[in-house]
Amino acid sequence: MSEEVQRYGGGGGGVGALSLDLLGQVLDRVREPRDRKACRLVSRAFARAEAAHRRALRVLRREPLARLLRTFPALERLDLSACASLDDASLAAALAGADLAGIRRVCLARANGVGWRGLDALVTACPKLEVVDLSHCVGAGDREVAAVAAATGLRELSLEKCLGVTDMGLAKVVVGCPKLEKLSLKWCREISDIGIDLLSKKCPELRSLDISYLKVGNESLRSISSLEKLEELAMVCCSCIDDDGLELLSKGSNSLQSVDVSRSDHVTTQGLASLIDGHNFLQKLNAADCLHEMGQRFLTNLAKLKETLTVLRLDGLEVSASVLQAIGEGCNNLVEISLSKCNGVTDEGISSLVARCSHLRVIDLTCCHLLTDNALDSIAENCKMVECLRLESCSSISEKGVEQIAICCPNLKEIDLTDCRVNDAALQHLAKCSELLILKLGLCSSISDKGLAFISSNCGKLIELDLYRCTSVTDDALAALANGCKKIKMLNLCYCNKITDSGLGHLGSLEELTNLELRCLVRITGIGISSVAIGCKNLIELDLKRCYSIDDAGLWALARYALNLRQVNFLQGFSYPLESSKEE
Amino acid sequence: MEGGLRRISETSFKALPSMSCNSTRNNDPDQQGGRFNSMDQSCFSRPDQSFPAFSPLFGVQSSSLYLPDEKIGNQFEPNSSLNNPAVDWDPQTMLTNLSFLEQKIKQVKDIVQSMSSRESQVAGGCSEVQAKQQLVTADLTCIIIQLISTAGSLLPSMKNPLLSSNPAVRHLSNTLGSPMGFGFSCNQQPSTNNEATIPEITKTPDYEELMNSLNTTTPDESDEPMKCQNPCGGEGSEPIPMEDHDVKESDDGGEGENLPPGSYVVLQLDKEEILAPHTHFCLICGKGFKRDANLRMHMRGHGDEYKTPAALAKPSKDSSSEPAPVTRYSCPYVGCKRNKEHKKFQPLKTILCVKNHYKRSHCDKSYTCSRCNTKKFSVIADLKTHEKHCGRDKWLCSCGTTFSRKDKLFGHVALFQGHTPALPMDDVKVTGALDQPQDSEAMNAVGSIGYNFPGSSSDDIPNLDMKMADDARYFSSLSFDPCFGGLDDFTRPGFDISENPFSFMPS
């Protein structure tokens, strides 16, 4: 698309003849930000169209914010989460005088500099605000939330990890924003049953609620059960909630579609069974790391969800082949199942499970040590749609099993073979999966440049590659990757200690790279880091712990060229071998 | 007292001897004698043999103690008609009493002086000093009793209705320690000087009992043996539950129970009886007492079945197998839903319910919180409950209403559309004048000054009775309120408590 635009827009005549509306339509269909930027740069007409039609804006610096807001009057989505050193004064100044009547979504995640004054100005300037994300604003408290509560039309609000928010702030929000449909209170540890009760009374429109990590108890679930439209409820790690609470929850209207009780220690299969009694249209049930023993009542109730249930997570549960068979027979429509760290998962169990669940796309078998190639064979045979397969620590599988998967599951997008002792032959088979996006090969020390060469040549869409402690990997592998997998965003090379500066020089051509981990690469120096800093413009996180050979020149280059860098983990030298410091 | 209570039997409630018959037994010589002896024991049960020089004094003292007593008894007997108390006051009696007091005070003064001079010389002789202290204590006790009886006889004529309803008095009596006997308390708490012992004396509410008995015509007199056998009150007297927090909840309650009309006896107490600071009430006539023991003595007047040793003994848990008739109470306020005349009459369960209901619903809210200066209460327990939370953790609504508890605020916010909690810094802080001294505290301060007069300076002593006569507040310092509660019958014609009992207090 960009090339086409360049060809016609270069002269300015052809494109300029089109109306701004049409150009805007064209721009809307250009997906990649870089391509849109190219359009803007080559044609004034496109620049004008963009100015008139641009809906979303992500700002990285606070200085141009005011100008940008005036340039794009049609903005609907404003992302300030990456806006460095944004504070109340600069935000208020930027908002003053700008026409922001169209803005509906604002993301202020991690914008720790913004306090209630800035939010006050924002809410006043954006009368149509519907979605606000304050997640990880750890300093935000009741006053900040109260400022947001002035946005009466608010539909979605995330207060995740706003540590200072108490019941008072929540009360402000629920009274001020009665149309709230989605609310995340994750990690707001000060909120209690009283606040949740008021929320349930004041926000009847609520569809999605996240109360994970809160210290609320069963009383909250009693209140929540009165929310008639609630579809999604997450209560991860709510240790004060138990089966009685789930029983209370089941008394409500039969609206819940997704429930997450993972890591809520006091929940058992009894509670979940009674929950299913009350909510028999459940689609997603996440009971990871909270169940220990399977109950017969739960198993029979799961069968009641035959038509609807698509996601089932039972991590850490003690299962047997018969239990897996019952799940397979009861829940034919499963799309995702997680049996991570489940004791008793055998080849027999997996084959009886997948025999009836042909729609499975995501299968998590992390740490199911008993599995062998037979399990992979049955998965490959029955689940042609599999996109994600997590097999970490399934140490009995071999390249034969991987071959079956690679042949039968062309849609495979993610596979985790960490600690599976696979070799280059397995990679050769995997290279058939050209859709592969995520490949994790940590601790597979037998993998060499040869295997990675297969991947590089065929898996051009790869965005994440984990080569943690693949100690046989050398600079040649990086050269092949830089050549074949241009889209890589996340790359882990920790402890691949054969890598030198020349390898990093190849990495410099990975422009998309955002996260790079180079821990304990003792051979790399400032020269290699410099080439990464210069080449990888989008680098956000960099791990340099125990890279003892890096000198000031490398850090200087990072400071000078890696403008998007937000986090570097590094060690300042041999004098502090155990201490790491963080630079932001 | 008989007029103070009307008993309504809606069922076939057994008619019991009316109270008037009790007054006929007042002059039983045996009882009187027994009482005096035991009182002697209670006052002088200490090693006074080591002070033979003083023993004649005791004789004088004890005999003269009876003098006013008998007089009071005499003067009150006709008084039970409650007609004109002022007429009963005899200046001649008063004069006799005062001269006796003068004499008595002089004696005490001498002892104290001798002690102070000796103390400056020798540090030792501890036991001797202690013995003397006890002596002084006993003497002072007698003086005080005498004083009160004298003043009590004077009281109706003073026409000062405020004494019995003085909140400071009640407050004081609440705050002061548990009932302790005079001699006993001194023995228990060895102190090296007189001043330390004297507050002990003034605290002991047993005077009140004594005075109760001295000043009333009702069968209280028959309480005396009982009380004197157990003067220190240890187990014989209940702690006075003035704060009935527990009862408070159920005060206006009774909604839960649906007794059919006629299945219970309805009692209606007069407001004066309700407002008197009693906690033990006769189930038959409703008269109030401060102690259960006194009540049991009173019960003897209601029939022979109460005279048995078993009935007089402390009630054990597994009391009589015969179930007491279900009794419910009516509020004397006509028109109140709790009044038996009301169409939808809802009876009150206990007398404590009656008391709290009457105070809350039909009395002025005279107790003002000293912190916020806005909240007012008619039951002092309510004030104390409020003060516990007042000014602390204010939960404020946007409408300006404050709450002591967060859940209450949230309940309010949930109820009213548009109301929202106000964050602490949102609005100007509503702080009460915390440092402003409270009225009752001021009263207490006066009281504490009053404490000192007997011992701190012997020069003051001659003025003592003057003060007592002049300034009614000194009564409050001595926490004699039950005494005046007992006098209610006589003071009643002079005033109406419910109207404005605290008009004298600076507001």
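Up top you'll find the structure we're talking about.
Summarised in this report is the structure supplied together with it. Since the model is a prediction, treat every value here as computed from it, not as a measurement. Sequence order as written defines the numbering, with residues in each chain counted from 1. Starting at A for chains and at 1 for ligands, labels are handed out in the order in which the entities are written. Given that this is a predicted model, residues contribute local features only at a pLDDT of at least 70 and side-chain atom pairs are listed and counted only at 80 or more, while totals for whole chains, interfaces and linings are drawn from all residues. Water and hydrogen atoms were dropped before computing side-chain values, which therefore reflect all heavy atoms in the structure.

**Concerning unusual backbone geometry**
All names here are of chain A. For the record, the criterion: Residue exposure (1.4 Å probe, protein chains only): buried if accessible area is under 20% of the type maximum, exposed if over 50%, otherwise partly exposed. Secondary structure is summarised from DSSP: a helix means a run of H or I of at least four residues, a strand means a run of E of at least two, and numbering begins at the N terminus for each.
For Arg263, which is not a glycine, the phi torsion comes out positive at approximately 65 degrees. Residue classification places Arg263 among the partly exposed residues on the basis of a relative accessible area of 37%. The phi torsion at Arg546 lies on the positive side, around 60 degrees, for a residue other than glycine. Take Arg546: it is sitting in the loop between strand S20 (541-544) and helix H25 (552-561). Using a relative accessible area of 34% as the deciding quantity, one classes Arg546 as partly exposed.

**Let's talk about the interface of chain B and chain A**
To be explicit about the condition: Residue contacts follow a heavy-atom distance rule, with two residues in contact if any of their heavy atoms lie within 4.5 Å. A quick way to say it: buried area is the sum, across both parts, of accessible area lost when two parts are put together, with a 1.4 Å probe. Basic side-chain nitrogens of Lys or Arg form a salt bridge, by our definition, when they fall within 4 Å of a carboxyl oxygen of Asp or Glu. Residues adjacent in sequence count toward polar contacts only when both atoms are side-chain atoms; beyond that, a polar contact is any pair of N or O atoms within 3.5 Å, and within protein one must be able to donate a hydrogen and the other to accept it.
In this complex, chain B contributes 17 residues to the contact, which on the side of chain A involves 14 residues. When the two sides are added together, the surface that chain B and chain A hide from each other amounts to roughly 1300 Å², 73% of it contributed by carbon and sulfur. Taken together, chain B and chain A are joined by one salt bridge. Notably, a salt bridge pairs B:Lys406 with A:Asp167, separated by 2.8 Å at the nearest N-O pair. One can count five residue pairs in polar contact (both at pLDDT 80 or more) joining chain B with chain A.

**Section: the nonpolar core**
Here is the rule we go by: The nonpolar core is taken to be a set of buried Ala, Val, Leu, Ile, Met, Phe, Trp, Tyr and Cys residues, with the residues joined through side-chain atoms within 4.5 Å.
Ranked by size, the top nonpolar core spans 190 residues in total, and within it A:Ile211, A:Met235, A:Leu302, A:Ile327 and A:Leu518 carry the most contacts. Sort the elements by how many residues they give to this core and helix H10 (residues 167-176) of chain A lands first, with six residues. Contacts of A:Leu518, omitting those with residues within four sequence positions, involve A:Leu493, A:Cys494, A:Leu504, A:Ile524, A:Ile529, A:Leu542, A:Asp543, A:Leu544 and A:Cys547. In terms of nonpolar packing, the next biggest core, distinct from the first, is built from 14 residues, B:Ile274, B:Leu275, B:Cys331 and B:Cys353 among them.

**Examining the pairing of strand S5 (residues 327-330) of chain B**
Residue and element names in this part refer to chain B. Under the convention used in this document: The criterion for strand pairing is that DSSP finds at least two bridges linking the strands in question.
Every second residue of S5 is oriented toward a common face, with Thr327 and Tyr329 on one face and Arg328 and Ser330 on the other, all of them buried. Relative to S5, strand S2 (residues 265-269) is paired through four bridges, and the arrangement is parallel. Paired with Val266 across the two strands is Arg328, which belongs to S5.

In short, geometric facts, not functional conclusions.
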